[in-house]
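A look at the structure
These are the residues of each chain, in order.
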Amino acid sequence: GKEELVKKNTEKYVHPEIGFSFEYPKELNVESFKESDGGETIVFQKQGDHPDWLPEQKTGFQIFVIPFDDEGKGLTTERILQDLPSAVIEEPTEIILGDGTRAILFWSNSPQIGKTREVWFISSFYLFEVTTYAHLDSWLAQIMTTWNFNTF
C-alpha cells in the first residue's frame, strides 16, 4: 500500500536527548549544530543541493530547538511577537502534529532564503521552530504528521 511506499523512502530520525522522532525522506543529509544558548539546529538538506541555487531549487528543512519553560501557557502568535518583535508571522493557523501536540503554522521571511513556511510548538520544556522553503509547504506537512514525542 501507499503506507509501505512512504516507509521505504524514509528514514526515522530520533533525537538522542529530547526523545522526539519523525520520518524524513532518505535523500536528505542530516547535520546537527549546538548553539551557544543551549539550543541546537538540525538541518535536513537534499544531497547535491548547491548553496548558490535559488530556494525553489532546493529541498530541505531545519529544526531549531531551545530549552523553554512556558509555565503551561502554550504558544500563541502574541507570545512569539512578545519574545521576537521583529518576527514576520503571516496567516497563522493552529495545527495538530502526529502525536497530538498543538502547533502554530505560518508564513514568514528569512533574510537568507526569502519566504518560508514555519511550524512552531512547545513540548517537553523545549521550543521547536521548524522552517522550510515556501514551495515545500505540503511536503513539510507530510513529515510533521509523523512527528512523535517520548520515543524512548
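Here, the structure is the one placed above.
This one's a predicted model, so the numbers in the text were calculated from it and none came from an experiment.

Here is what the cut-offs are and how they apply
Residues numbered from 1 in each chain as written. Predicted model: local features only at pLDDT ≥ 70, side-chain atom pairs only at ≥ 80, totals over all residues. Heavy atoms only, no water. Core = buried A, V, L, I, M, F, W, Y, C linked by side-chain atoms within 4.5 Å. Buried < 20%, exposed > 50% of the residue type's maximum accessible area, 1.4 Å probe, protein only. Helix = DSSP H or I, 4+ residues; strand = E, 2+ residues; numbered from the N terminus. Contact = heavy atoms within 4.5 Å. Arc of directions from axis to C-beta. Lys, Arg positive; Asp, Glu negative; His and termini not counted. Salt bridge = Lys/Arg side-chain N within 4 Å of Asp/Glu carboxyl O. Polar contact = N/O pair within 3.5 Å; in protein donor to acceptor, adjacent residues only side chain to side chain.

**A short note on the nonpolar core**
Ranked by internal contacts, the top residues of the largest apolar core, which has 26 residues, are Phe-20, Phe-22, Phe-61, Ile-63, Phe-121 and Trp-147. For this core, the elements supplying multiple residues, two or more each, are strand 2 (20–25), strand 4 (40–46), strand 5 (60–67), strand 7 (102–110), strand 8 (114–123), strand 9 (126–133) and helix 3 (137–144). Per-element accounting of this core gives the leading share, four residues, to helix 3. Other than its neighbours up to four places away in sequence, Ile-63 contacts Phe-20, Phe-22, Glu-40, Thr-41, Ile-42, Phe-44, Phe-128, Glu-129, Val-130 and Trp-147. Within the second largest apolar cluster, eleven residues are counted, among which are Leu-75, Ile-80, Phe-106 and Trp-120.

**A closer look at helix 3**
Looking only at helix 3, the buried set comprises Trp-139, Leu-140, Ile-143 and Met-144. Looking straight down helix 3, one finds its buried side chains confined to an arc of 140°; they lie on one side. Away from its buried face by more than 90 degrees, helix 3 exposes Ser-138 and Gln-142. The inward-facing, buried residues of helix 3 contact strand 2, strand 3 (28–34), strand 5, strand 8 and strand 9.

**Description of the side chain of Glu-118**
When you line up the elements, Glu-118 lands in strand 8. For the buried residue Glu-118, which engages in no salt bridge, the nearest side chain bearing the opposite charge is Arg-117, 9.5 Å off. Engagement of the side chain of Glu-118 in a polar contact is seen with the side chain of Thr-116, the distance being 2.9 Å. Setting aside residues no more than four positions away along its own chain, Glu-118 makes contact with Ile-104, Leu-105, Phe-106, Ser-108, Val-130 and Thr-131.

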